[in-house]
Amino acid sequence: QVQLVESGGGLVQPGGSLRLSCVASGFAFSLYAMIWFRQAPGEERELVATITNTGVRTNYGDFVKGRFTISRDNGKNTVYLQMNSLKAEDAAVYYCNAPELYYSGGRGHLWGQGTQVTVSS
């Protein structure tokens, strides 16, 4: 079964940390770049971080400002997002995505259920 399963979200205080995981199955994970997106209620989906298939190159949204780190373990078919110094504005549902994976009639169409991140004191 082709799927992405995100986990690791939760409630954290401002300044705290979370590590999100996304486990992929049903496709050759090591061949695909991966992206973390987030979406807050009433907001557009926002790109958080990208990583190439080998993990050599990464990129981040401007708002990250050195607080987040994306990584991957191809042996475990998993991409991670380490989030430090969390702010209230980081609260959102976080999703991973394989933008070049052809699925359901197009590329980048495979989405998991997401994982909720809440930042509040």
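Chemist: Could you give an account of unusual backbone geometry, naming the residues involved and the relevant values?
Modeler: With the exception of glycine, most residues fall at negative phi, and the peptide bonds are largely trans. Of note, Ser85 is a non-glycine position whose phi angle comes to about 50 degrees, a positive value. Considering the arrangement of structural elements, one finds Ser85 in the loop between strand 8 (78-83) and strand 9 (92-97).

Chemist: Please give an account of the side chain of Ser21 that cites residues and values.
Modeler: Tracing the backbone shows Ser21 in strand 3 (residues 18-25). If we ignore the near neighbours within four places in the chain, the residues touching Ser21 are Val5, Glu6, Ser7, Trp36, Thr78, Val79 and Tyr80.

Chemist: Residues and numbers for the nonpolar core, please.
Modeler: Core analysis: the biggest nonpolar cluster contains 29 residues, and Trp36, Leu81 and Tyr94 have the highest contact counts within it. Broken down by secondary-structure element, the contributors of at least two residues to this core are strand 3, strand 4 (34-39), strand 5 (46-51), strand 7 (68-73), strand 8, strand 9 and strand 12 (115-119). The biggest single contributor to this core is strand 3, with four residues.

Chemist: Which residues make up the pattern of salt bridges, and what are the values?
Modeler: Enumeration over the complete set of coordinates arrives at three salt bridges. Close ionic contact of Glu46 with Arg38 constitutes a salt bridge, the shortest N to O distance being 2.9 Å. Using a relative accessible area of 32% as the deciding quantity, one classes Glu46 as partly exposed. A salt bridge links Arg38 to Asp90, with the shortest nitrogen-to-oxygen separation between them at 2.9 Å. Placement of Arg38 in strand 4 and of Asp90 in the loop between strand 8 and strand 9 is noted, with a sequence separation of 52 residues between them. Taken as a pair, Arg38 and Asp90 share a single burial class, namely buried.

Chemist: Please set out the sheet that holds strand 3 residue by residue, giving values where relevant.
Modeler: The strand order across the open sheet built from four strands is 1-3-8-7, with neighbouring strands paired in antiparallel fashion. On the outer flanks of this sheet lie strand 1 (3-7) and strand 7, each paired with one strand and no other. Neighbouring strand axes in the sheet, compared pairwise and without regard to direction, differ in orientation by 15 degrees on average. Summarising the sheet, strand 3 and strand 8 pair through six bridges and their orientation is antiparallel. Looking at strand 8, one finds that Arg19 is bridged to Gln82.

Chemist: Before we move on, can you summarise the state of the cysteines with the specific residues and values?
Modeler: By the definition in use, this model includes one disulfide. Paired by a disulfide, Cys22 and Cys96 hold their sulfur atoms 1.9 Å apart. Of note, the bridge from Cys22 to Cys96 carries an S-S torsion of about 50 degrees and is right-handed in sense. Placement of Cys22 in strand 3 and of Cys96 in strand 9 is noted, with a sequence separation of 74 residues between them.

So, how was this worked out
Counting from 1, residues in each chain are numbered in the order their sequence is written. Per-residue local features of the predicted model are confined to residues with pLDDT of at least 70, and side-chain atom pairs are confined, for both listing and counting, to 80 or more; whole-chain, interface and lining totals are unaffected and use all residues. As a convention, hydrogens and water are excluded, and side-chain values are obtained from all of the structure's heavy atoms. Numbering of helices and strands starts at the N terminus; helices are DSSP runs of H or I of at least 4 residues and strands are runs of E of at least 2. Contacts are assigned to residue pairs with any non-hydrogen atoms lying within 4.5 Å of each other. Working definition of a nonpolar core: buried Ala, Val, Leu, Ile, Met, Phe, Trp, Tyr and Cys residues. They are joined through side-chain atoms within 4.5 Å. Accessible area is worked out with a 1.4 Å probe on protein chains only. A residue is then buried under 20% of its type maximum, exposed over 50%, and partly exposed in between. A pair is scored as a salt bridge if a Lys or Arg side-chain nitrogen falls within 4 Å of a carboxyl oxygen belonging to Asp or Glu. If DSSP finds at least two bridges between two strands, the strands pair. Fitted lines through C-alpha atoms give the axes, limited to the stretch in contact for helices. The angle between two N-to-C directions lies from 0 to 180 degrees. By definition, disulfides here are pairs of cysteine sulfur atoms that lie within 2.5 Å.

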